[in-house]
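# Breakdown of the fold
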Amino acid sequence: MSSADEKTYDVVVLGAGSTGENVADVVVRGGLSAVLVEEHLVGGECSYYACMPSKALLRGTEAIAEARAVKGAAAAVTGEQDVAATLERRDSFTSNWDDAGQVSWVEGAGIDLLRGTARLDGERTVVVTGPDGTETRLRARHAVAVCTGSAAAVPPVDGLPDVQPWTPREATSAKEAPRRLLVIGGGYVGCEMSFAWHALGSTVTLLQRGDRLLPGAEPQAGDAVLASLRDRGVDVRLDADVTAARRDGDEVVLTVGGEELRGDEVLVATGREARTTGIGVETVGLEPGEYLDVDDTLQVRGLPWLYGVGDVNGRRQLTHMGKYQARQAAAAIVARARGEEVSLEDWSPHTATADRAATPAVVFTDPQVASVGLTSAQAREAGVPHRVVEYPIGSVAGASLFADGYEGTAIAVVDTEREVLLGVTFVGPAVAELLQAATIAVVGEVPISRLWHAVPAYPTVSEVWLRLLETWRG
């Protein structure tokens with residue numbers, strides 16, 4: 001291997017998704033050199049197969065529902081959704097799966113980009129095999145950041161891998177609606193894609209192994225989404241255990257509780273697994289296929305030069321949390337490179353404390369589910385003294401103006417000793433935009449006594465904050 005085949009950077013980043021891009025951007029702005037290594041599309045899952053295309057598929061349905069919920073405006077909705085136009089709009093958000101725009105951003109940010117498959121080869125060393133088979137050895141002065149993300153996990157159901165199921169990638173990039181779609185899994189992806197493809201013309205059957213949808217959320221959230229799906233005509237089956245799958249011609253056949261269900265496609269939405277196989281983690285003593293065990297600065301335990309950032313560590317598998325982790329990890333990398341002290345305290349500039357205490361999330365179903373912090377069940381499991389306060393969002397003036405017959409619920413989990421919010425969940429139309437205020441209150445541990453002075457404008461849906469506090473005070 002010639003010297004031209006070796007390059008040295010301060011930081012080598014494996015994976016140019018949104019997490020990797022943010023690590024590289026922050027360290028470069030901190031005065032370090034960085035290279036991104038990517039084998040597929042710069043921008044990663046969020047840009048092409050997850051957040052952006054999935055929400056583009058859902059937005060038209062949401063807009064129509066909002067118009068139909070307002071007397072007078074409803075009369076203007078005289079036709080059905082233009083499926084082809086919706087798919088075309090979805091394609092525009094993915095740039096038709098062309099990453100030239102993202103590549104241009106990387107170059108403009110002063111970050112090098114190397115196309116190819118990367119694998120660790122011992123301490124601070126990465127070998128990249130390019131599309132033409134040539135190898136480049138990268139050495140990192142300070143850090144290697146693994147930002148390879150996660151992949152859809154296919155459950156061990158007899159025959160399921162052989163039927164070539166959709167994963168979220170296929171579900172968000174499909175060129176047309178299947179006539180009949182079977183969905184395995186009632187979490188975020190399963191619920192969102194059931195809404196999306198049903199509205200775009202598919203007959204959808206949603207199969208959830210457990211006894212409720214969105215099992216990690218407050219029970220009211222899963223109940224509301226279940227009722228809405230069923231009202232729309234989606235066949236939702238709880239406690240549905242899929243035991244076998246096969247192809248019968250062009251049909252997918254699933255065995256569920258002794259019954260055979262037939263569809264044209266089947267989407268597997270049952271969770272994620274770490275992309276740590278085939279990237280050389282065994283050369284530094286780690287186990288392929290396992291999530292990287294990291295501390296709050298996202299440094300891999302026992303390997304002070306290696307960082308696992310984003311989905312690959314399994315802490316919080318959400319795009320915005322991966323980018324948050326990236327900012328924190330990169331700040332720690334820059335500080336350590338400068339010989340500065342890195343604080344491991346909660347909420348420091350270098351720690352991803354929000355992973356544990358204040359993760360915001362939105363399920364873009366109808367109704368939406370927006371949450372941050374602990375649920376009542378999590379507070380109970382943690383042994384934190386707490387009280388749960390609920391209020392019907394439809395009872396505030398702003399909600400009744402937003403939609404006729406608005407239905408929704410606000411749920412606050414309050415620490416009864418410190419009188420601060422541990423978590424908040426909103427269930428209802430368009431509640432995603434209420435979430436940042438809740439996130440600030442939870443992160444800032446704003447006392448209830450001070451929140452009382454945060455007066456909501458009238459008439460807005462945010463008036464539900466006042467009603468929650470009044471309910472708390474009794």
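Residues numbered from 1 in each chain as written. Predicted model: local features only at pLDDT ≥ 70, side-chain atom pairs only at ≥ 80, totals over all residues. Heavy atoms only, no water.

### A few points about the overall build of the chain
Helices and strands together make up the secondary structure of the chain, namely 15 helices and 21 strands. Overall, the chain is about 70 × 65 × 40 Å in size when its C-alpha atoms are taken along their principal axes. Looking at the chain as a whole, 50% of its 474 residues are labelled buried. Considering only contacts within the chain whose residues lie at least 6 apart along the sequence, 61% involve residues at least 24 apart. Total accessible area computed for the chain in this model is approximately 20800 Å², and 49% of it derives from carbon and sulfur atoms. (Helix = DSSP H or I, 4+ residues; strand = E, 2+ residues; numbered from the N terminus. Buried < 20%, exposed > 50% of the residue type's maximum accessible area, 1.4 Å probe, protein only. Contact = heavy atoms within 4.5 Å. Areas by Shrake-Rupley, 256 points an atom, 1.4 Å probe, with all protein chains shown as cover.)

### Focus on the pairing of strand β9 (residues 203-207)
For β9, the buried fraction is high: 4 of the 5 residues fall into the buried class. In this sheet, β9 lies alongside strand β8 (residues 180-184) in parallel orientation, the contact comprising 5 bridges. Bridge pairing in β9 links Leu 181 to Val 204. Between β8 and its parallel partner β9, the chain crosses via helix α7 (residues 188-199), and the hand of that crossover is right-handed. With 3 bridges connecting them, β9 and strand β10 (residues 235-237) associate as parallel partners. When the bridges of β10 are listed, Leu 206 appears paired with Val 236. Viewed along the sheet, the connection from β9 through helix α8 (residues 219-232) into β10 turns out right-handed. (Pairing = 2+ DSSP bridges. Right-handed = clockwise from strand over helix to strand, strands pointing away.)

### A few points about the nonpolar core
Ranked by internal contacts, the top residues of the largest apolar core, which has 85 residues, are Leu 421 and Phe 426. Top contributing element to this core by residue count: helix α9 (residues 319-337), with 7 residues. In this view, Phe 426 contacts Gln 368, Val 369, Ala 370, Ile 393, Thr 409, Ala 410, Val 431, Leu 434, Ala 438, Val 464 and Trp 465; residues no more than four positions away in its chain are not counted. Leu 200, Leu 226, Val 234 and Ala 269 belong to the second-largest nonpolar core, a separate cluster that totals 30 residues. (Core = buried A, V, L, I, M, F, W, Y, C linked by side-chain atoms within 4.5 Å.)

### What to know about the packing of aromatic side chains
With the rule as written, the count across this model stands at 3 aromatic pairs. Measuring from ring centre to ring centre gives 6.0 Å for Phe 426 and Trp 465, while their planes differ by 70 degrees; the resulting arrangement is edge-to-face. Remark: Trp 465 occurs in helix α15 (residues 464-473) and Phe 426 occurs in strand β21 (residues 420-428); sequence separation between them is 39 residues. The same class applies to Phe 426 and to Trp 465, which are both buried. (Phe/Tyr/Trp six-rings, centres within 6.5 Å; stacked < 30°, edge-to-face > 60°.)

### Thoughts on the environment of Val 35
When you line up the elements, Val 35 lands in strand β2 (residues 34-38). Separated by 166 residues in the primary sequence, Val 35 and Gly 201 place their C-alpha atoms 44 Å from one another. Setting aside chain neighbours within four positions, we find Val 35 in contact with Tyr 9, Val 11, Val 12, Val 13, Asp 112, Leu 113, Leu 114 and Leu 138.

### As for the side chain of Asp 91
By secondary structure assignment, the location of Asp 91 is in helix α4 (residues 83-93). In this structure the side chain of Asp 91 is engaged in a polar contact, spanning 2.6 Å, whose partner is the side chain of Arg 90. Leaving out residues up to four positions away in the same chain, Asp 91 has contacts with Asn 96, Trp 97 and Lys 175. (Polar contact = N/O pair within 3.5 Å; in protein donor to acceptor, adjacent residues only side chain to side chain.)

### Some words on the sheet that holds β10
The strand order β10-β9-β8-β14 describes an open sheet built from 4 strands, whose pairing is parallel. Where the open sheet ends on each side, the last strands, each with one partner, are β10 and β14 (265-268). Across this sheet, the average inter-strand angle for adjacent strands is 15 degrees, counted without regard to direction. α7 contacts β8, β9 and β14 of the sheet and is inclined by roughly 165 degrees relative to β9. (Axes fitted to C-alpha atoms, helices over the stretch in contact; angles between N-to-C directions.)

### Side note on the side chain of Asp 295
Following the sequence through the fold, Asp 295 ends up in the loop between β15 (272-274) and β16 (306-308). The charged side chain of Asp 295 is buried without a salt bridge, its nearest counter-charge being Arg 336 at 4.8 Å. (Lys, Arg positive; Asp, Glu negative; His and termini not counted. Salt bridge = Lys/Arg side-chain N within 4 Å of Asp/Glu carboxyl O.)

### Here's the deal with the packing of helix α3 (residues 51-68) against α4
Across the interface, α3 lies against α4 with an axial gap of 9 Å and an inter-helix angle of 155 degrees. The angle between the axes of α3 and α4 places the two elements in the roughly antiparallel class. The two elements α3 and α4 cross, and the hand of that crossing is right-handed. Where α3 abuts α4, its residues Met 52, Pro 53, Ala 56, Leu 57 and Arg 59 lie against Thr 86, Leu 87, Arg 89, Arg 90 and Phe 93. The class makeup of the residues in the contact of α3 with α4 is 6 nonpolar, 1 polar and 3 charged. (Parallel < 35°, antiparallel > 145°, perpendicular 65-115°, else oblique. Left-handed = near helix turned anticlockwise from the far one by under 90°. Nonpolar A, V, L, I, M, F, W, Y, C, P; charged D, E, K, R; others polar.)

### A short note on the pairing of strand β12 (residues 251-256)
In terms of strand pairing, strand β11 (residues 242-248) meets β12 through 6 bridges, oriented antiparallel. Residue pairing for β12: Ala 245 is matched across the bridge by Leu 254. From the end of β11 to the start of β12, which pair antiparallel, there are 2 residues, and Gly 249 there has a positive phi angle of about 65 degrees. Where β12 lies against strand β13 (residues 259-263), 5 bridges are found, and the strand directions are antiparallel. Opposite Val 256, over in β13, you have Glu 259 as the bridge partner. Adjacent in sequence and paired antiparallel, β12 and β13 are bridged by 2 residues, among which Gly 257 carries a positive phi angle near 55 degrees.

### Things to note about the sheet that holds strand β17 (residues 360-363)
Strand order in the open sheet formed by 5 strands is β17-β18-β21-β20-β19, with antiparallel pairing between adjacent strands. Looking at the sheet topology across the chains shown, the edges are occupied by β17 and β19 (386-392). Across the sheet, the axes of successive neighbouring strands diverge by a mean angle of 10 degrees, strand direction being ignored. Here β17 pairs with strand β18 (residues 368-373) via 4 bridges, running antiparallel. Directly across from Pro 360, in β18, lies its bridge partner Val 372.

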